[in-house]
Amino acid sequence: MLLFFSSACLLALLFIFNQRIRRSTLLLTSGAGSIFLAIHFLVEGYRVQLLFLYGFTLLMLMLSLIDGFITQKAVRTASRIRRVLGRLFIVIGLIATACFLYVFPVFDLPAPTGELKVGTKVFHFVDPNREETFGKSATGKRELMVQVWYPAQAGTGKYAPFIPDTRILPYMAANYGLPGFTFQHLKYVSSHAYSGAEVSSAQTSYPLILANPGFSSSRFLHTSQAENLASHGYIVAVIDHTYNTFATEFPDGQITTSTTNDLFSPDHDFQTESGNRDKLGKVLTDDVAFALDQFELIQSGHIPSQLKGRIDLGHVGVFGHSIGGATAYDASYDPRIAVGIDIDGGLYRLRDREGLRKPFLFMNSESVFERLKMVMDNRVYTDAELNRIGNTREWVDQETEYKKLELERMRETVAAGGGQVLYIDNTEHVNFADVQFISPIFKMLGITGKIAPERANSVINAYMLDFFDMYLKNQGGILMKGPDSRFPEVKFVTSLF
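Here the residue numbering is sequential within each chain, running from 1 through the sequence in written order. Only residues with pLDDT of 70 or above have their local features reported here, since the model is predicted, and side-chain atom pairs are shown and tallied only from 80 upward, although totals for entire chains, interfaces and linings are computed over all residues. In computing side-chain values, all of the structure's heavy atoms are included and hydrogens and water are not.

With that settled, the discussion passes to unusual backbone geometry. For Ser 216, which is not glycine, the phi dihedral falls at a positive 55 degrees. Along the chain, Ser 216 turns up in the loop between strand 4 (206-212) and helix 6 (223-231). Despite not being glycine, Tyr 243 has its phi angle at roughly 70 degrees, a positive value. Under the scheme used here, helices are H or I runs from DSSP no shorter than 4 residues and strands are E runs no shorter than 2 residues, and both carry numbers assigned from the N terminus. Within the secondary structure layout, Tyr 243 lies in the loop between strand 5 (235-240) and strand 6 (247-249).

Put into structure tokens, the structure is as follows:
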């Protein structure tokens, strides 16, 4: 901010026609800007979006120093040139910098709404019973990085970074088709959790919630949801499903990237794609079961951790986004898991089992619900719609039959186990992860919905918390009763099921 302000002042100085005043104030302002630049590098580090300000600040400092050693005639000649080209260059540069800062801001994650402080810790788990089939690992076995957020005693020091594994940022940018340096500023975004803090003594133990990111996503992109639940008295473990994330860094320095996209191709027919999705889904579901095994060992003390004896394994929930939501549903067949939430995820392995018979919440975006409603209403795509979405009629027909089976499983689950089906107005798929905060341009491009990201996050967190409170703590449940005037965006559609 100070660099930008000093640069704006330097621009204004070029409109001062009094040579003596301009020369002295130029030297003073460019000197101050250089001091700001030095402090910025020492305290914050560099940002690619500010490259123009760096160059401009140093250039103006050099020019102001040179002015003191050249003749008045040369100064007048140089000044005339600078007044034409310099002003144009500065205006364009400042506008470009302002645009970069707007498009890629160092944003603030929403603060948790609970009364408890939040701690965080990362675990590295190796499954000796499963071979890694999607890539290589140091052991040849399936390895997972799992980050836990939990209620903490009053923390000390700074909050942990939003993304501490900064080496994965170029892979994140590449995942969105952007240059590798684009997301480097995210290393300056802070979370609201303290690394390694002691577990809060407010309760003797806390319910455990296992969480699953979507396809080519990351555990970091569910930080705000995990922190919020932790602040209300939950231990939340978000699983980085190796080779299904855009990148995961392991303790030995290895970085894995997404290879599971190789399972899917435009050349496949729907049956092949569906079979590959089931194949991937089984691995993700097994990851959840294995992670739960490890938390049993943590609770008993076989794996050393400050969480020993503090996990309430009698009250375990699960949630996930996109294919992670389908994972939450499939993993909930495990008798150790009491309840779950599927956030905007189409189900997999539907032919293997009957409907789930335990409380479950299906929380959808408006666009995903509209697709489900089309199937309910037996509406057929027009040729123009097929061309727009880039699918063949044969593919869509087969997908529709599968969606009918999915709807039947949802009906069975709601009827037998309780829970609700709802969607949130003006949301798109990406609104259910922290990626919605990365850039306001996502909303302009329609990547996120018309709803403000902060509002979407607030609504999602409120309904997640209310659902888990109802079934894991025997409290709350007010929002699960139906429409609430505080959240007019939420549309209950359980009656349609």
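We now examine the packing of aromatic side chains. Centres within 6.5 Å are what make two rings of Phe, Tyr or Trp a pair, Trp counting through its six-membered ring; a difference in plane orientation under 30 degrees is then read as stacked, over 60 as edge-to-face, and the rest as tilted. If you walk through the whole model with that rule in mind, you get 25 aromatic pairs. Centre to centre, the rings of Tyr 176 and Phe 183 are 6.1 Å apart; their planes meet at 75 degrees, and the pair counts as edge-to-face. Ring centres 6.0 Å apart and planes at 65 degrees place the aromatic pair Phe 467 and Phe 468 in the edge-to-face group. The residues Phe 467 and Phe 468 share a single accessibility class, namely buried. Here a set of aromatic residues connected by ring pairs shows up, and it is made of Tyr 234, Phe 319, Phe 467, Phe 468 and Tyr 471. When the ring centre of Phe 123 is taken as origin, the NZ or CZ atom of Lys 121, which lies over that ring, is 5.4 Å away. Exposure is judged per residue with a 1.4 Å probe applied to protein chains only, and the accessible area is read against the type maximum: over 50% gives exposed, under 20% gives buried, and values in between give partly exposed. In this scheme, Lys NZ or Arg CZ marks a charge over a ring once it lies within 6 Å of the ring centre and within 35 degrees of the ring normal.

One requirement defines pairing of two strands: DSSP has to find at least two bridges between them. Across the sheet, which stays open at both edges, the ten strands sit in the order 3-1-2-5-4-8-9-10-11-12 with mixed pairing between neighbours. Looking at which strands have only one partner, the edges of the open sheet turn out to be strand 3 (194-195) and strand 12 (490-492). In this description, contact between two residues means that some pair of their heavy atoms is separated by no more than 4.5 Å. Angles run from 0 to 180 degrees between N-to-C directions of axes, and those axes are lines fitted to C-alpha atoms, restricted for helices to the stretch in contact. The sheet strands contacting helix 6 are strand 1 (117-131), strand 2 (141-152), strand 4, strand 5 and strand 8 (311-321), and the helix crosses strand 2 at an angle near 45 degrees. On top of the sheet, helix 9 (residues 366-376) reaches strand 10 (360-365) and strand 11 (419-424); it is set at about 105 degrees to strand 10, its chief contact.

On to helix 1 (residues 2-13), then. In this model helix 1 runs 16 Å from its N-terminal to its C-terminal C-alpha over twelve residues, within 8% of the 16 Å that 1.5 Å per residue would give. Of all the residues in helix 1, the buried ones are Leu 3, Ser 6, Ser 7, Leu 10, Leu 11 and Leu 13. Looking down the long axis of helix 1, one finds its buried residues gathered within 160 degrees of arc, a one-sided arrangement. By this rule, a helix spans an expected 1.5 Å times one less than how many residues it contains. The arc in question is the one traced by the directions running from the helix axis out to the C-beta atoms.

A few words now on helix 11 (residues 393-417). In this model helix 11 runs 35 Å from its N-terminal to its C-terminal C-alpha over 25 residues, within 8% of the 36 Å that 1.5 Å per residue would give. Considered for burial, the residues of helix 11 that qualify are Trp 395, Val 396, Thr 400, Tyr 402, Lys 403, Glu 406, Leu 407, Arg 409, Met 410, Thr 413, Val 414 and Gly 417. If you follow the buried residues of helix 11, they end up packed against helix 7 (270-300), helix 8 (323-331), strand 10, helix 9, helix 10 (383-389) and strand 11. Directly after helix 11, the chain includes Gly 418, whose backbone phi takes a positive value near 90 degrees.

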